[in-house]
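Architecture at a glance
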Amino acid sequence: MPKANQNKLIHQDFSKQDKMKNNIFTILFCIISVSVFAQDKMSKADVYFYELDYQNAIKEYQKEMASGILKNNQLLNLADAYFKISNYKEASKLYLKVNKNDTIMSNNRFNKMLQSLSRTGEKHRVEAFLKSRSYLLSKELFENAEFNLELLAKDKDKSFEGEVFNVDGNSPQADFSPTFYKDRIVFTSGRSQKTRKKYKLAGESFLDLFIARIGQDGNIVHVNPFTRVPESKYHKATPFYSEKEETLFYILSNENGGELAYDENGKNSLAIASVHNNGNFRNLLKDLSTSFYYPFFDEETGKLYFSANFDDSYGGTDLYFVHTNNGMVMSEPKNLGPRINSPGNEIAPYIFGGSLYYSSDIFYGLGGMDIYKANIGIDGDYNIPVNVGKGINSEGDDFGFIVRKHNQGLMGYFSSNRVGGKGNDDIYSYHIKKSPGLETFALKGKVVNLTTNLGVDKAQIKLLNNNGDVIKEMYTRPNGDYRIEIAAEDVITIQSTKDNYSIFSAAYSGKELKEIQKKKFNMGISYLGDLVQEKENKNVLKLKKFYFNRGKSTLTSAIISELKKVIEVVNRFPDIQFSIESHTDSRGGSLTNKRLSEKRSKAIEMYLFKNGLTSKNIISAVGYGEEQITNSCTNGAYCLDFLHKQNERTYFVLLNYEE
């Protein structure tokens with residue numbers, strides 16, 4: 001993504017990170033002084049827009065449009081304003097206009113355009129516009145979109161298996177981002193306090209932390225200010241408590257001498273700090289020009305996750321992590337990549353049970369901000385993020401998901417501004433029997449050549465259901481690697497093959513399906529060319545040479561050992577066709593040798609028939625006697641025994657093999 005100049009980045013940061021309906025996203029993401037825009041000439045409409053007064057901004061932009069032409073950036077502001085008040089029809093018109101006439105639309109606004117089209121019932125256009133921008137968007141985005149749209153369509157008639165309710169501790173103001181704190185809950189609220197200053201843009205108190213008890217039913221009761229962090233007149237929000245580290249992580253406004261600290265462009269941003277139970281305070285991530293949101297500390301890996309909008313963002317706010325050691329940040333922020341981050345905004349990371357939960361407003365969701373779950377793979381990478389579905393998610397913004405084990409199931413909390421709440425954002429409690437979201441089956445590994453143990457390029461992989469229907473198919477990368485993911489099935493057959501290669505096929509069910517996902521699933525297939533050699537201008541199976549006893553057609557143990565290899569080849573290549581051709585040396589009568597070779601071929605044929613081969617594989621079994629001597633040891637010629645034995649041979653001649 002090309003870098004913009006500093007002023008553009010500030011405008012971009014401002015527009016990307018705000019949220020609709022004047023909810024908590026607006027409060028958090030727009031901590032910025034209007035003086036930042038003083039260096040640009042702004043119209044009255046622009047001023048209203050950057051002050052988040054979207055209704056008046058729309059009125060003024062309409063007046064300015066009637067008396068002249070709006071610039072593209074103003075058209076986008078107007079589109080954003082319509083988007084904020086949920087007028088998706090007008091928003092989509094303006095986004096489409098700019099998208100058609102100009103190339104300045106960011107990936108984040110492109111996402112808003114697709115959201116608007118989806119909200120106005122024009123989902124059929126979303127796919128077309130998505131393809132038109134494929135050169136700018138990641139392949140992971142297309143895979144994620146296809147997967148989630150298919151899963152949500154399948155799940156549309158299923159009811160949510162659990163209980164969700166609005167907790168009693170909510171206020172008329174914003175309440176959100178809870179964290180488990182020992183046996184209690186700490187959360188963020190904009191509720192009024194006599195000692196707290198009012199935040200101009202939101203009309204509420206600056207955000208602060210509160211603590212509450214958890215009732216037996218999961219309700220939140222006895223709400224009080226949380227006083228175990230340093231006092232501030234400004235924002236303190238989005239806490240996460242690590243029980244192992246005995247440390248609370250949270251965000252706070254950058255201050256200097258008790259007053260808001262601004263960068264050279266007049267912007268005040270948010271930092272991440274931590275407070276140990278012993279009172280030790282640390283600033284962990286602080287930059288006057290960059291805001292950090294929603295810290296989460298993974299006790300197992302020591303990684304500190306958070307949301308931010310750096311230059312390498314895939315859209316709006318992305319998820320990142322840094323390594324820590326003994327409470328200190330030890331690395332540069334690392335973007336979680338395009339499997340997780342999108343042209344939308346990603347916030348509120350939370351890891352539980354081997355899965356990453358987070359929220360995103362990507363266009364293929366149910367509403368504004370939806371909660372997604374991505375299982376963490378065997379290499380620390382992420383499976384396709386799955387929308388956790390209706391019940392937890394709604395048509396509003398749903399975010400800040402936390403969970404823990406409770407009785408025989410799970411319980412936890414999340415925040416939402418869905419219809420029916422008490423305030424802007426409310427905290428909701430839930431009880432469920434199992435992890436939310438549709439269960440998926442994800443497999444990764446390599447397809448290898450059994451002879452060389454090297455990866456097979458463009459090997460076909462298929463997943464089939466219990467009825468034998470193909471659910472999904474794909475092809476391996478040049479090194480043989482593959483990764484495939486589908487909605488979970490009770491029984492799954494995994495197959496892999498390629499032209500002139502054998503077929504790998506195995507069916508799994510129940511616990512086996514879970515177990516094979518825990519490590520790399522490698523599949524070995526044989527290349528027929530490795531099992532074939534040319535003899536006497538014919539393609540024959542590559543076997544050890546074997547001999548019958550003198551004048552006999554009885555199969556010896558050595559012969560049977562080689563015939564078992566033939567059976568194995570046919571099992572790997574069920575479509576293979578061959579002819580059995582036996583030859584003798586010139587010792588003895590010609591007619592006798594002819595009959596002896598025929599008996600030997602028939603004996604081999606009968607053994608193969610008894611062991612599962614059919615006439616579809618064995619086309620003929622013939623004996624040539626001494627008709628095709630390969631050296632000078634013909635009738636009457638004196639030859640050493642080893643020279644005579646060169647003429648005694650049996651071939652399995654392939655009839656449908658092409659290199």
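Cut-off values and rules
- Residues numbered from 1 in each chain as written.
- Predicted model: local features only at pLDDT ≥ 70, side-chain atom pairs only at ≥ 80, totals over all residues.
- Heavy atoms only, no water.
- Disulfide = S-S within 2.5 Å.
- Buried < 20%, exposed > 50% of the residue type's maximum accessible area, 1.4 Å probe, protein only.
- Helix = DSSP H or I, 4+ residues; strand = E, 2+ residues; numbered from the N terminus.
- Contact = heavy atoms within 4.5 Å.
- pLDDT = per-residue confidence, 0-100.
- Pairing = 2+ DSSP bridges.
- Axes fitted to C-alpha atoms, helices over the stretch in contact; angles between N-to-C directions.
- Parallel < 35°, antiparallel > 145°, perpendicular 65-115°, else oblique.
- Left-handed = near helix turned anticlockwise from the far one by under 90°.
- Nonpolar A, V, L, I, M, F, W, Y, C, P; charged D, E, K, R; others polar.
- Phe/Tyr/Trp six-rings, centres within 6.5 Å; stacked < 30°, edge-to-face > 60°.
- Lys NZ or Arg CZ within 6 Å of the ring centre and 35° of its normal.

Disulfides are covalent bonds that connect the sulfur atoms of two cysteines. All chains considered together, the criterion is met by one disulfide. A sulfur-sulfur distance of 2.0 Å marks the disulfide that ties Cys633 to Cys639. Between Cys633 and Cys639, the disulfide has an S-S torsion of -105° and is therefore left-handed. Given a relative accessible area of 1%, Cys633 falls into the buried group.

Right, let's get into the environment of Leu270. Mapped onto the elements of the fold, Leu270 is located in strand S12 (residues 270-276). With a relative accessible area of 0%, Leu270 lands in the buried category. Considered as a pair, Leu270 and Tyr314 are 44 residues apart in the sequence and their alpha carbons are 21 Å apart.

It is worth spelling out the side chain of His583 at this point. Position of His583 among the secondary structure elements: in strand S35 (residues 578-583). On the basis of relative accessibility, which here comes to 2%, the residue His583 falls in the buried class. Dropping the residues within four chain positions of it, His583 is found in contact with Ser597, Tyr624, Gly625, Gln628, Asn647, Glu648, Arg649 and Tyr651.

Taken residue by residue, the chain gives an average pLDDT of 88. The fraction at 70 or more is 91%. Mean pLDDT per element in the chain: helix H1 (residues 6-17) is the minimum at 27, and S35 is the maximum at 98. In this model, residues 1-22 is a region of pLDDT below 50 whose contacts with residues beyond four sequence positions or in other chains number 68 contacts. Within the model, the stretch residues 30-39 combines pLDDT values under 50 with 30 contacts to residues more than four positions away or in other chains.

A few words on the sheet that holds strand S21 (residues 370-375). Ordered by their spatial adjacency, four strands build an open sheet running S19-S20-S21-S22, and the pairing between neighbours is antiparallel. In this open sheet, the two strands that pair with only one neighbour each are strand S19 (346-352) and strand S22 (386-387). In this structure, S19 lies alongside strand S20 (residues 355-360), joined through five bridges in antiparallel fashion. In the strand pairing of S20, Glu346 is matched with Ser360.

The strand order across the open sheet formed by four strands is S2-S3-S6-S7, and the pairing between neighbours is antiparallel. Here the strands that pair on one side only, and so sit at the sheet edges, are strand S2 (175-181) and strand S7 (220-225). Adjacent strand axes in the sheet meet at a mean angle of 30° when their direction is disregarded. Pairing between strand S6 (residues 208-214) and S7: four bridges, direction antiparallel. Looking at S7, one finds that Ile214 is bridged to Ile220.

Moving on, we come to the packing of helix H6 (residues 88-101) against helix H7 (residues 107-119). Orientation of H6 relative to H7, taken along the N-to-C sense of each, is 135°, at an axis distance of 8 Å. Judged by the angle between their axes, H6 and H7 are oblique. As H6 runs across H7, the sense of the crossing is left-handed. Of H7, the residues touching H6 (which contributes Tyr88, Ala91, Ser92, Tyr95, Leu96 and Asn99) are Arg109, Phe110, Lys112, Met113, Ser116, Leu117 and Arg119. Tallied by class, residues from the contact of H6 with H7 come to seven nonpolar, three polar and three charged.

This paragraph deals with the packing of aromatic side chains. Summed over all chains, the structure comprises 31 aromatic pairs. Ring centres of Phe240 and Tyr350 lie 6.3 Å apart, and the angle between their planes is 80°; this geometry places the pair in the edge-to-face category. Highlighted residues: Phe240 in strand S8 (residues 236-242) and Tyr350 in strand S19, separated in sequence by 110 residues. The class of Tyr350 is buried, set by a relative accessible area of 9%. Pairwise contacts between aromatic rings join Phe240, Phe296, Tyr305, Phe321 and Tyr350 into one cluster. Seen from the ring of Phe110, Arg133 lies directly overhead, with NZ or CZ sitting 4.6 Å from the centre. The ring of Tyr547 has Lys645 sitting right over it, with the charged end atom 4.5 Å from the ring centre.

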